[in-house]
Amino acid sequence: MQRDMMVEWQLRRREVRDPRVLEAFLEVPRHEFVLPEHIAEAYEDHPLPIGEGQTISQPYMVAVMTEALQLTGRETVLEVGTGSGYQTAILARLAGHVYTIERHGSLSVRAQERLKHLGVANVTCFIGDGSQGYPEAAPFDAILVTAAAPSVPHILVHQLADNGRLVIPVGDMDSQELVQVWKHAGAVVQRTINYCRFVPLTGKYGWGGTHSA
Ligand code: SAM
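Described below are features of the structure shown in this document. (Residues numbered from 1 in each chain as written. Predicted model: local features only at pLDDT ≥ 70, side-chain atom pairs only at ≥ 80, totals over all residues. Heavy atoms only, no water.)

Remarks on the site of the ligand
Residues in contact with the ligand amount to 26 residues; listed here are only the nearest, Ser84, Glu102, Asp129, Gly130 and Thr202. At 2.6 Å from an oxygen atom of the ligand is found a side-chain nitrogen or oxygen belonging to Glu102. In the model, a nitrogen atom of the ligand is placed 2.8 Å from a nitrogen or oxygen of the Gly130 main chain. Contact with the protein chains covers 100% of the free accessible surface of the ligand, which is 600 Å². A majority-of-atoms criterion places the ligand in the largest pocket. (Near = heavy atom within 4 Å. Polar contact = N/O pair within 3.5 Å; in protein donor to acceptor, adjacent residues only side chain to side chain. Areas by Shrake-Rupley, 256 points an atom, 1.4 Å probe, with all protein chains shown as cover. 1 Å grid on protein atoms, 1.4 Å probe; cavity = no way out; pocket = protein on both sides within 12 Å on 5 of 7 lines; lining within 4 Å. Sits in = over half its atoms within 2 Å of the grid points.)

Focus on the sheet that holds strand 3 (residues 76-80)
Within a sheet, adjacent strands bond to each other through the backbone by hydrogen bonds, running parallel or antiparallel. Spatial ordering of the open sheet is given by 5-4-3-6-7-8-9, a layout of seven strands whose pairing is mixed. Each end of this open sheet is capped by a strand with a single partner; those strands are strand 5 (123-127) and strand 9 (187-196). Strand-to-strand, the axes of this sheet are offset by a mean angle of 15 degrees, without reference to chain direction. Across nine bridges, the pairing between strand 8 (residues 176-184) and strand 9 is antiparallel. From the neighbouring strand, Glu177 faces strand 9, where its bridge partner is Tyr195. (Pairing = 2+ DSSP bridges. Helix = DSSP H or I, 4+ residues; strand = E, 2+ residues; numbered from the N terminus. Axes fitted to C-alpha atoms, helices over the stretch in contact; angles between N-to-C directions.)

Things to note about the packing of aromatic side chains
What describes a pair of aromatic rings is the distance from one ring centre to the other and the angle between the planes of the rings. On inspection of all chains with the given rule, the structure shows six aromatic pairs. Judged by centre distance (5.7 Å) and plane angle (65 degrees), the ring pair of Phe33 and Tyr86 falls under edge-to-face. Of this pair, Phe33 sits in the loop between helix 2 (19-27) and strand 1 (48-51) while Tyr86 sits in helix 4 (residues 86-94), and the two are 53 residues apart along the sequence. Their ring planes at 65 degrees and their centres at 6.1 Å tell us that Tyr99 and Phe140 sit as a pair that is edge-to-face. Of this pair, Tyr99 sits in strand 4 (residues 97-102) while Phe140 sits in strand 6 (residues 140-145), and the two are 41 residues apart along the sequence. Here the guanidinium or amino end of Arg30 rests over the ring plane of Tyr86, the centre of that ring lying 4.9 Å away. Sitting over the face of the ring of Trp182, Arg165 holds its NZ or CZ atom 5.5 Å from the ring centroid. (Phe/Tyr/Trp six-rings, centres within 6.5 Å; stacked < 30°, edge-to-face > 60°. Lys NZ or Arg CZ within 6 Å of the ring centre and 35° of its normal.)

A look at empty space enclosed by the protein
Using the criterion set out here, one finds one cavity of 30 Å³ or more in the structure. By volume, the largest cavity amounts to about 30 Å³. For the largest cavity, the full set of lining residues is Asp18, Arg20, Val21, Thr66, Leu71 and Leu94. Within the lining of the largest cavity, the residues separate by chemical class into three nonpolar, one polar and two charged. (Points joined across faces, edges and corners; volume = space filled by probe spheres on them. Nonpolar A, V, L, I, M, F, W, Y, C, P; charged D, E, K, R; others polar.)

See below:
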């Protein structure tokens, strides 16, 4: 089956190790999250267009970002950039509850339909500017930003719980570093996981905004 092959060749053999993450990728039907004209490519090793000039990310990148959140099953997670809803569905299998924000209403509505169709119940979807986080549900044990920011928005670090993890692509428009930020006892530690290329994070604390908070 294509999904098993994707997990074996694109994830396991590229050092994605967390068994819960690998299991989630085996269970979530990625072909349900792509446009009809791309179903034949759903399990291939690259991003795909989803409308509004946006993409569903490469499976490997979704796995690396998910693994870096180190989810154990009880966490409250914020995802910025719902996109197709595929990463949301993966996170929902690995955490207690997922709040997800998307700036494009059409993408959010489609993602909500897919998640409902698959019976994913522990997700709350919003339409809006996720660069500002979602203070109403903070603090979060984990925050995942699926679009590239010019710098780490401090407002997102502020919305992390103690021992919380933030994973976000940071850099310029063409290439970024995937950064993991840990907040522990008031201190913040940052490390680079690898290099990546994402669509831009827009909004108040993304591109076109103030770039800091
Ligand atoms: N993880 C998604 C998936 O599995 O389909 C891929 C997300 S796509 C690479 C990034 C998404 O971030 C796009 O849908 C884009 O519209 C959204 N986005 C960009 N800036 C945003 C913002 N300020 N607030 C909310 N969503 C934003």
